[in-house]
Amino acid sequence: MNTRGNGYPEGVCQDGECASSTSVLWSKRLELGIERLDQEHRELVAGFSGLLLMLKQRASGEVVRQRFQHCFDLLLEHLRYEEELMVRYHYPRYNQHIMATSDLVKSVFEIGRRLDGQRSSGQLQGRIELAIQEGLFRHIDQVDRPLADYLRLRGMV
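Source: prediction; values computed, not measured. (Residues numbered from 1 in each chain as written. Predicted model: local features only at pLDDT ≥ 70, side-chain atom pairs only at ≥ 80, totals over all residues. Heavy atoms only, no water.)

Structural notes on the overall build of the protein chain
Phase 1: Scanning the protein chain for helices and strands turns up four helices and two strands.
Phase 2: Helices and strands appear in the protein chain in the N-to-C order β-β-α-α-α-α.
Phase 3: Long-range contacts, defined here as pairs at least 24 residues apart, represent 61% of the contacts in the protein chain between residues at least 6 apart. (Helix = DSSP H or I, 4+ residues; strand = E, 2+ residues; numbered from the N terminus. Contact = heavy atoms within 4.5 Å.)

Shown next as structure tokens:
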């Protein structure tokens, strides 16, 4: 992954120190204290931020679709890891977590479907930005944080 001088992946901002011109900001408040989960979350934000930047720069449809597919694959891989942790450590809120995860995947999948059918537009960029800020960030804060707390408090990770 490419990084800029601030050490953060391209497309990621850290508490106001930005590596690109997107308005999707990574914040330390999103960190869960579990290195692999935090790294994967940063990679997801960087990937989707890069996608936004490509749309703003009016990149070709094929390049945008490839970037989206890469981001979607990262998301699915990350969610498989979370599920593995929940099963391995008998997470009591497994069903709620899976339902919330399903909603996130549907939301991101819908964005991909729209990418196939539309040219880059401000409306599409806004939907992606909203999916990141309200979908992914909310998922991290409200769904993944209880999982991380459960795992950390029990010394499981």
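Let's talk about helix α2 (residues 61-88)
Phase 1: Between its first and last C-alpha atoms α2 spans 40 Å; for 28 residues at 1.5 Å apiece the expected length is 40 Å, and the two agree.
Phase 2: For α2, every residue scored as buried is listed here: V64, F68, C71, F72, L74, L75, H78, L79, Y81, E82, L85 and M86.
Phase 3: Remark: H90 follows α2 within two positions and exhibits a positive phi of approximately 55 degrees. (Expected span 1.5 Å × (residues − 1). Buried < 20%, exposed > 50% of the residue type's maximum accessible area, 1.4 Å probe, protein only.)

Remarks on helix α1 (residues 35-56)
Phase 1: Its 22 residues give α1 an end-to-end C-alpha distance of 31 Å, which sits within 8% of 32 Å, the value for a rise of 1.5 Å per residue.
Phase 2: At the exit of α1 stands R58, carrying a positive phi of roughly 55 degrees.

Notes on the packing of α1 against α2
Phase 1: The geometry of α1 relative to α2 is characterised by a closest axis approach of 10 Å and an angle of 165 degrees between their N-to-C directions. It follows from the interaxial angle that α1 and α2 lie roughly antiparallel. As for how α1 packs across α2, the hand of that crossing is left-handed.
Phase 2: Here the contact of α1 with α2 is composed, by residue class, of 15 nonpolar, four polar and five charged. (Axes fitted to C-alpha atoms, helices over the stretch in contact; angles between N-to-C directions. Parallel < 35°, antiparallel > 145°, perpendicular 65-115°, else oblique. Left-handed = near helix turned anticlockwise from the far one by under 90°. Nonpolar A, V, L, I, M, F, W, Y, C, P; charged D, E, K, R; others polar.)

A few points about the nonpolar core
Phase 1: In terms of nonpolar packing, the biggest core is built from 39 residues, with F48, L51, F68, V108, L115, I128 and I140 touching the most fellow members.
Phase 2: At 11 residues, the largest contribution of residues to this core is made by helix α4 (residues 122-153).
Phase 3: In contact with I128, other than residues within four places in its own chain, are L51, L52, L55, I111 and L115. (Core = buried A, V, L, I, M, F, W, Y, C linked by side-chain atoms within 4.5 Å.)

Here's the deal with the confidence of the model for the protein chain
Phase 1: Here the protein chain shows a mean pLDDT of 80. Residues at 70 or above account for 79%.
Phase 2: When mean pLDDT is compared element by element in the protein chain, α2 scores highest at 92, while strand β2 (residues 17-18) scores lowest at 40.
Phase 3: Ignoring residues within four places in sequence, the model shows residues 1-21, a span with pLDDT below 50, making 53 contacts including any to other chains. (pLDDT = per-residue confidence, 0-100.)

Structural notes on the pattern of salt bridges
Phase 1: Applying the stated criterion to the full structure yields seven salt bridges.
Phase 2: Its salt-bridge partner being R36, residue E40 comes within 2.7 Å of it at the nearest N-O pair. Residue E40 and its partner R36 are both found in helix α1; the two are separated by four residues, about one turn of the helix.
Phase 3: For E40, a relative accessible area of 11% translates into the label buried.
Phase 4: For D141, the salt bridge goes to R145, with nearest N and O atoms at 2.9 Å. Separated by four residues within a single helix, D141 and R145 lie in helix α4, roughly one turn from each other.
Phase 5: Residue classification places D141 among the partly exposed residues on the basis of a relative accessible area of 31%. (Salt bridge = Lys/Arg side-chain N within 4 Å of Asp/Glu carboxyl O.)

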